[in-house]
Amino acid sequence: MDTATIERAALVALLRRPQARWSETALDIQENGSAKAVLDRTVGQSDTLFPDTDSTAKLVDAAAAEIADWQREGIGVHAFFDATYPAQLLGIREMPPLLFSRGDLRVYDRAVAVVGSRKASRDGLRIAQAVATTLAGRGMTVVSGLAAGIDTAAHTAALEAGGPTAAVIGTGIRRHYPADNQRLQDHIADVGLVISQFWPDAPPSRQSFPMRNAVMSGYAVATVVVEAGETSGARIQARLALQHGRPVVLTNQVMQCDWAKAFAENPGVYVVHGTAQLLEAVDDILSYQPTEAGLENFPDFALH
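Quick caveat: nothing in here was measured; it's all calculated off a predicted structure.

A. Main features of the sheet that holds strand β8 (residues 248-251). With mixed pairing, the nine strands of this open sheet are ordered in space as β1-β2-β6-β5-β4-β3-β7-β8-β9. The sheet is open, and its two borders are formed by β1 (76-79) and β9 (269-272), each paired with just one other strand. Strand-to-strand, the axes of this sheet are offset by a mean angle of 25°, without reference to chain direction. Here strand β2 (residues 98-103) runs beside strand β6 (residues 193-196); their pairing, made up of four bridges, is antiparallel. Counted as the bridge partner of S101 is I195 from β6.

Pasting the structure below:
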């Protein structure tokens, strides 16, 4: 195996450990400069009197075989130190050390997240469709979470406009959730991008969707919240986007919620009334975003 394959396999082996903390594992690797070195040290701390000196090699071989199986299935496997890993995710605290993909994963992608309620109103669906259509027409990637309601409207409108769309999902990449969106998810995988930070067979969970929102916020240069209740994932994403230093656009529909009124006081938040004003805000945000060349200045944790 070449060095890159060994390092990726060592990362998978580390993350497969029971109770492994993914964020702490990534920090440990960054500090040591090698996933294999961290694995060697971790296995070497075994409590057994006579540790198996071949155990590290066995773990790496098993993980490499698992990665090869995923790749034969058409699943992309990207460690945070790989050249294929999205640059914009390297700068967020919730950076997933491992990312799975189907479709066209770009290292540098100018994308805007369009999110909102699963039980969307007719006006909310119309606004989501208008924003996604306009973004797609300008060559921007429309990012959303493949949920019912606003997410589905945004993905569908982007596809119908012939533009790129990316779905950041809260389950493993082999799963379809919600089941009604299986055809849409498969279509996006064929012509756009589906990404997941979870093991390929991971089921949905209460924790996985807020984690998905963090990655969606980090992947995008800005988040547009079309509609969102007090406990919605879109509200969580708006908070995370501000923490990530990403602008947030709130529509008049969202401003009926107390959380949105509080968020509106923060710098980097645009409050818009009507589709035309919303698109003006997006244009203003995009005019200040880095080009691909600028994105190359994102933190580089590549292992050398």
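B. Structural context of unusual backbone geometry. Here the amide bond leading from Y177 into P178 is cis, since omega sits at -5°, within 30 degrees of zero. By the secondary structure assignment, P178 is in the loop between β5 (165-168) and α7 (182-191). Here the phi dihedral of Q19 falls at roughly 60°; this positive angle occurs in a residue that is not glycine. Using a relative accessible area of 74% as the deciding quantity, one classes Q19 as exposed.

C. A look at the pattern of salt bridges. Going through the model one piece at a time under the given rule, you end up with 14 salt bridges. A salt bridge links R21 to E24; its shortest N-O distance comes to 3.9 Å.

D. Representation of the side chain of H155 in the model. Looking at where H155 falls in the secondary structure, it is placed in helix α6 (residues 150-160). Side-chain polar atoms of H155 contact the side chain of T165, separated by 2.9 Å. Not counting the four nearest positions on each side in its chain, H155 is found in contact with V142, S144, G145, L146, T165, A166, A167, L184 and I188.

What counts and how
- Each chain carries its own residue numbering, running from 1 in the written order of its sequence.
- Local features are withheld for residues below a pLDDT of 70 in this predicted model, meaning they are given only at 70 or higher, and side-chain atom pairs are given and counted only at 80 or more; totals for whole chains, interfaces and linings count all residues.
- Hydrogens and water are ignored here; the side-chain numbers use all heavy atoms of the structure.
- Strand pairing is defined by DSSP finding a minimum of two bridges between the two strands.
- We count a stretch as a helix when DSSP gives it H or I for four or more residues in a row; a strand needs E for two or more, and each element gets its number in order from the N terminus.
- Note on method: axes are straight lines fitted to C-alpha atoms, helices fitted across the in-contact stretch only, with angles between N-to-C directions ranging 0 to 180 degrees.
- The rule is simple: take the accessible area with a 1.4 Å probe, protein chains only, and divide by the maximum for that residue type; under 20% is buried, over 50% is exposed, in between is partly exposed.
- Counted as salt bridges are all cases of a side-chain nitrogen of Lys or Arg within 4 Å of a carboxyl oxygen of Asp or Glu.
- Here a polar contact means two N or O atoms within 3.5 Å. Within protein one must be a hydrogen donor candidate and the other an acceptor candidate, and residues neighboring in sequence count only if both atoms are side-chain atoms.
- Note on contacts: a residue pair qualifies if any of its non-hydrogen atoms lie within 4.5 Å across the two residues.

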